[in-house]
Amino acid sequence: SLARMLNASEIAVRGGYCLEAGCGEGNVTKHMSEWISEHNNEVEYMAFDISEKLIKDNSVRYKDIKFFTHNIYEELDKNNLSDVDTFDLIVCSEVLEHLEKPDVAVKNLMNYGDRFIFSVPNEPIWRIMNMARGKYIKSFGNTPGHIQHFSKNRFIRMIRDCGLRVVKIEKPLPWLMIYCEK
């Protein structure tokens, strides 16, 4: 599904700059950078997270990717971006469900690019699957830290309300992924 989204974004064809917002432990970052490298070596990949510890760990593990610490609600610090003003693709995977104001984060990211991939857990499927495997029973399957719960319709509505046009939707169980453009 991620590969189909990357194909839709055409970054492998055009090259350019890719940013991952909220990279966490770097798993998606590494997967995407490897996929992009197989298709086009002309893509520079950068990633940020709010956790300084994760950024330090990722920088040691993945030396070919530029990592920096950043809060998704704030303006990007030009010192972290080399000479990049805008990105050809911005990816925000498994982040929005953790934010009090996911729409504010999306609108902030829109200042730095025109093409985006967002993914979130598909509710209520996510919680049902958690409960089926005996996880988080007392919180009815809610993963700790998830304060937003996106159904397909709510997710699409938020993306559109931010001013983005939905181009492609994927639903790899149990997630929702949207490729969208300004």
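Residues numbered from 1 in each chain as written. Predicted model: local features only at pLDDT ≥ 70, side-chain atom pairs only at ≥ 80, totals over all residues. Heavy atoms only, no water.

A. A nonpolar patch on the surface, seen in detail. The grouping of I125, M129 and L173 at the surface amounts to a nonpolar patch, some 260 Å² of accessible area in total. Topologically, I125 is positioned in helix α6 (residues 125-132). The exposure class assigned to I125 is partly exposed, which follows from its relative accessible area of 31%. (Patch = residues over 30% accessible without salt bridge, like charges linked within 9 Å, V, L, I, M, F, W, Y side chains within 5 Å. Areas by Shrake-Rupley, 256 points an atom, 1.4 Å probe, with all protein chains shown as cover. Salt bridge = Lys/Arg side-chain N within 4 Å of Asp/Glu carboxyl O. Helix = DSSP H or I, 4+ residues; strand = E, 2+ residues; numbered from the N terminus. Buried < 20%, exposed > 50% of the residue type's maximum accessible area, 1.4 Å probe, protein only.)

B. Focus on the sheet that holds strand β4 (residues 89-93). Pairing within the open sheet is mixed, and its seven strands lie in the order β3-β2-β1-β4-β5-β7-β6. Only two strands of the sheet have a single partner each, and these edge strands are β3 (66-69) and β6 (165-170). Averaged over all neighbouring strand pairs, the angle between strand axes comes to 20 degrees, with direction disregarded. In terms of strand pairing, strand β5 (residues 115-121) meets strand β7 (residues 175-181) through seven bridges, oriented antiparallel. The residue of β7 that forms the bridge with S119 is M177. (Pairing = 2+ DSSP bridges. Axes fitted to C-alpha atoms, helices over the stretch in contact; angles between N-to-C directions.)

C. Layout of unusual backbone geometry. Along the chain, E123 connects to P124 via a cis peptide bond; the corresponding omega equals 5 degrees. The backbone of E94 sits at a positive phi, close to 60 degrees, despite the residue not being glycine. Take E94: it is sitting in the loop between β4 and α5 (102-109). By relative accessible area, which is 25% here, E94 ends up partly exposed. One non-glycine residue with positive phi stands out, namely F140, at about 55 degrees. In this structure, F140 sits in the loop between α6 and α7 (152-161). You can call F140 exposed: its relative accessible area is 59%.

D. Structural view of the side chain of N108. Tracing the chain through its elements places N108 in helix α5. A relative accessible area of 11% means that N108 is categorised as buried. A distance of 2.8 Å separates the side chain of N108 from the backbone oxygen of I72, its partner in a polar contact. Setting aside anything within four residues of it in sequence, one finds N108 in contact with I72, Y73, E74 and E75. (Polar contact = N/O pair within 3.5 Å; in protein donor to acceptor, adjacent residues only side chain to side chain. Contact = heavy atoms within 4.5 Å.)

E. Molecular detail of the nonpolar core. I72, F87, L96, L109, F118, F155 and I159 are the most contacted members of the largest nonpolar core, which totals 34 residues. Secondary structure elements with two or more residues in this core: β1 (16-21), β2 (43-49), β4, α5, β5, α7 and β7. No other element matches α7, which puts four residues into this core. Excluding residues that lie within four positions of it along the chain, I159 makes contacts with F118, L164, V166, I178 and C180. With 21 residues, the next largest nonpolar core counts W35, I36, I65 and V91 among its residues. (Core = buried A, V, L, I, M, F, W, Y, C linked by side-chain atoms within 4.5 Å.)

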